[in-house]
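Observations on the three-dimensional arrangement
The chain contents come next:
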Amino acid sequence: MVEQGNKPHLLQSDPETLNGWLQQRGQPMFRARQVKKWLFEKRVTGLHEMTDLPRKLRDELAADFDLWTTQVVRHQQASDGTEKLLLRLADGGCIECVLLRDGIRRSICISSQVGCAMGCVFCASGLDGVERNLTSGEILEQMLRLQHLLEPDERLSHVVMMGMGEPLANLNPVLAALELASSSTGLGISARRITISTVGLPEAMDRLTRTAPRYHLAVSLHAPNDALRDQLVPINRRVGVHRVIAAADRYFEASGRRLTFEYVLLAEVNDRPEHAEQLASLLRGRPALLNVIPYNPVPGLPYRTPSTAAVQRFREVLERAGMVIKFRQRKGDQIAAACGQLRRVTPRVETAG
Ligand code: SAH
């Protein structure tokens, strides 16, 4: 159970809750819009700053709702402009989220669960399993906390659901949060610039296809055949790579958005020319982008980042086969904020004496 204190979370409240609350007090409906404008556009941190609401109403809102349920317990900044927040949830669980700066892009990498149950062998997020799903309010709260780190002339441009957790294992709260991220009365980030990254859960992918095929979908593939994928992505043993690709194809048909396949490159595990050849034939004929991510080291794990020569060989095979391929630039590794480095750390409690 999620302990949130006894008040409802304002960011979690669906429109009916706030509208009903306003109605009870004889307040006009545009008050809800005003609140949203302060939160999402004007980046305020407290209800008392919402100065076009009557003071009494602000006090009542503060009495009946929690605006924030997380605490920032650590804020790290890297020299490449990446910033990472460690947030403690109301029940003590901890999550991380990241702001990335690249040219004019301001991307935020958001967590969907405390930990992760997928068990990908090279990723820090699942090392201790999953504790629970995040609520939509907690997902939105990460976005706002990261937005507060921006300078006044900076704007959030992209959201990637690539933090801790498997977003498709917590689909409804993720979609509720993304609805507000993409709405013109929310963060106003176009759905094209919002990426849901999944390990590939076909049933949930089909649900996404039916309900909200407007986001950019990225599928974490990491291996071109079941034998290897079963080892690297244990959930694959129950799914199989072909069902993942078939579900991705259905999403593409519904969305018309080019798919991305992600592939973490692990030295001497999945980086050989024959892997590249198999990958090219597996994905042949699809208007897909292959995003190759050279492994980011995770302390305690036995994997290695491939050599430049191995990366180059891998790339050449795929390019010869006509694949559109992009290498993800490593960012934030100075502060363990790069892909796969977010984990369920518990902040050290300093004990006196
Ligand atoms: N569960 C989702 C969302 C997490 S996204 C998913 O699997 O897609 C995290 C992305 O970072 C995935 O593509 C993942 O495979 C990649 N990743 C995980 N560990 C990594 C590591 N150590 N180095 C580089 N990329 C990694």
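In this text the structure is predicted, and so the values were computed from the model without any measurement.

Regarding the nonpolar core
- Membership of the largest hydrophobic core comes to 106 residues, with the highest contact counts inside it found for Met 143, Phe 261 and Leu 290.
- Among the elements that make up this core, the one with the highest residue count is helix 5 (residues 171-182) (7 residues).
- Three or more residues apiece are contributed to this core by two domains, here domain 1 (15-64) and domain 2 (71-335).
- Ignoring anything within four residues of it in the chain, the contact list for Met 143 reads Ile 108, Ile 110, Leu 156, Val 159, Leu 178, Ala 181 and Leu 187.
- Core analysis: the next-biggest nonpolar cluster, separate from the first, contains 8 residues, Ala 78, Leu 100, Ile 335 and Leu 342 among them.

Comments concerning the environment of Glu 138
- Tracing the backbone through its elements, the reader meets Glu 138 in helix 4 (residues 136-147).
- On the basis of relative accessibility, which here comes to 1%, the residue Glu 138 falls in the buried class.
- Separated by 2.9 Å, the side chain of Glu 138 and the backbone nitrogen of Thr 135 make a polar contact.

Quick word on the domain arrangement of the protein
- Assigned domains of the protein: these are domain 1 (15-64) and domain 2 (71-335).
- Each of domain 1 and domain 2 has a C-alpha centre, and these two points are 34 Å apart.
- Between domain 1 and domain 2, the contact holds 6 residues from the first and 13 residues from the second.
- Interface of domain 1 and domain 2: buried area, both sides summed, is about 850 Å²; carbon and sulfur atoms make up 56% of it.
- Ranking the residues of domain 1 by area buried against domain 2 places Lys 36, Phe 40 and Arg 43 at the top, with a combined share of 77%.
- On the surface where domain 1 and domain 2 come into contact, there are 0 salt bridges.
- Here domain 1 and domain 2 share 6 residue pairs in polar contact (both at pLDDT 80 or more) between them.

A closer look at the packing of helix 5 against helix 6 (residues 202-211)
- The N-to-C vectors of helix 5 and helix 6 enclose an angle of 35 degrees; their axes lie 11 Å apart at closest approach. Between helix 5 and helix 6 lies a crossing whose hand is right-handed. Of helix 6, the residues touching helix 5 (which contributes Leu 171, Asn 172 and Leu 175) are Ala 204, Arg 207, Leu 208 and Thr 211.
- For the contact of helix 5 with helix 6, the class distribution of residues is 4 nonpolar, 2 polar and 1 charged.

So, the side chain of Arg 43
- Looking at the element boundaries, Arg 43 is found in the loop between helix 2 (30-41) and helix 3 (55-64).
- Within the local environment of Arg 43, its side chain forms a polar contact with the backbone oxygen of Glu 151, the two atoms lying 3.3 Å apart.
- If near-sequence neighbours (up to four positions away) are discounted, Arg 43 is found in contact with Trp 38, Gln 147, His 148, Leu 150, Glu 151, Pro 152, Glu 154 and Arg 155.

Structural notes on a positive patch on the surface
- Residues Arg 105, Arg 192, Arg 193, Arg 258 and Lys 326 make up a contiguous surface patch of positive charge.
- Within the secondary structure, Arg 258 is located in the loop between helix 8 (241-255) and strand 10 (259-265).
- Since its relative accessible area comes to 44%, Arg 258 is described here as partly exposed.

Concerning the site of the ligand
- Lining the immediate environment of the ligand, one finds 21 residues, of which Phe 122, Ser 197, Ser 220, His 222 and Asn 296 sit closest.
- Between the ligand and Asn 296 there is a distance of 2.8 Å, counted from a nitrogen atom to a backbone nitrogen or oxygen.
- The fraction of the free accessible surface of the ligand (530 Å²) that becomes covered by protein chains is 95%.
- Only strand 8 (194-198) and strand 10 provide two or more residues apiece to the shell around the ligand.
- Taken together, the residues of the shell around the ligand break down into 11 nonpolar, 8 polar and 2 charged.

Some points on the state of the cysteines
- Summed over the entire model, instances satisfying the criterion amount to 0 disulfides.
- Cys 116 carries a free sulfur, and the closest cysteine sulfur to it, the one in Cys 120, is 6.5 Å from it.
- Of all cysteine sulfurs, the one in Cys 109 lies closest to Cys 339, which takes part in no disulfide; the gap is 6.8 Å.

Considering the sheet that holds strand 7 (residues 158-161)
- Taking strand neighbours across the sheet as the criterion, the 10 strands line up as 1-2-3-4-7-8-9-10-11-12 in an open arrangement whose pairing is mixed. Only two strands of the sheet have a single neighbouring strand rather than two, namely strand 1 (71-77) and strand 12 (324-327). Within the sheet, the average angular offset between the axes of one strand and its neighbour, ignoring direction, is 20 degrees.
- In this structure, strand 3 (residues 94-102) lies alongside strand 4 (residues 105-109), joined through 5 bridges in antiparallel fashion. Bridging across to strand 4, Asp 102 finds its partner in Arg 105.

Reading guide: rules and limits
- Residues numbered from 1 in each chain as written.
- Predicted model: local features only at pLDDT ≥ 70, side-chain atom pairs only at ≥ 80, totals over all residues.
- Heavy atoms only, no water.
- Core = buried A, V, L, I, M, F, W, Y, C linked by side-chain atoms within 4.5 Å.
- Buried < 20%, exposed > 50% of the residue type's maximum accessible area, 1.4 Å probe, protein only.
- Helix = DSSP H or I, 4+ residues; strand = E, 2+ residues; numbered from the N terminus.
- Domains from an automatic or database assignment.
- Contact = heavy atoms within 4.5 Å.
- Polar contact = N/O pair within 3.5 Å; in protein donor to acceptor, adjacent residues only side chain to side chain.
- Buried area = accessible area lost by both parts, 1.4 Å probe.
- Salt bridge = Lys/Arg side-chain N within 4 Å of Asp/Glu carboxyl O.
- Axes fitted to C-alpha atoms, helices over the stretch in contact; angles between N-to-C directions.
- Left-handed = near helix turned anticlockwise from the far one by under 90°.
- Nonpolar A, V, L, I, M, F, W, Y, C, P; charged D, E, K, R; others polar.
- Patch = residues over 30% accessible without salt bridge, like charges linked within 9 Å, V, L, I, M, F, W, Y side chains within 5 Å.
- Areas by Shrake-Rupley, 256 points an atom, 1.4 Å probe, with all protein chains shown as cover.
- Lys, Arg positive; Asp, Glu negative; His and termini not counted.
- Charge placed at Lys NZ, Arg CZ, Asp CG, Glu CD.
- Near = heavy atom within 4 Å.
- Disulfide = S-S within 2.5 Å.
- Pairing = 2+ DSSP bridges.

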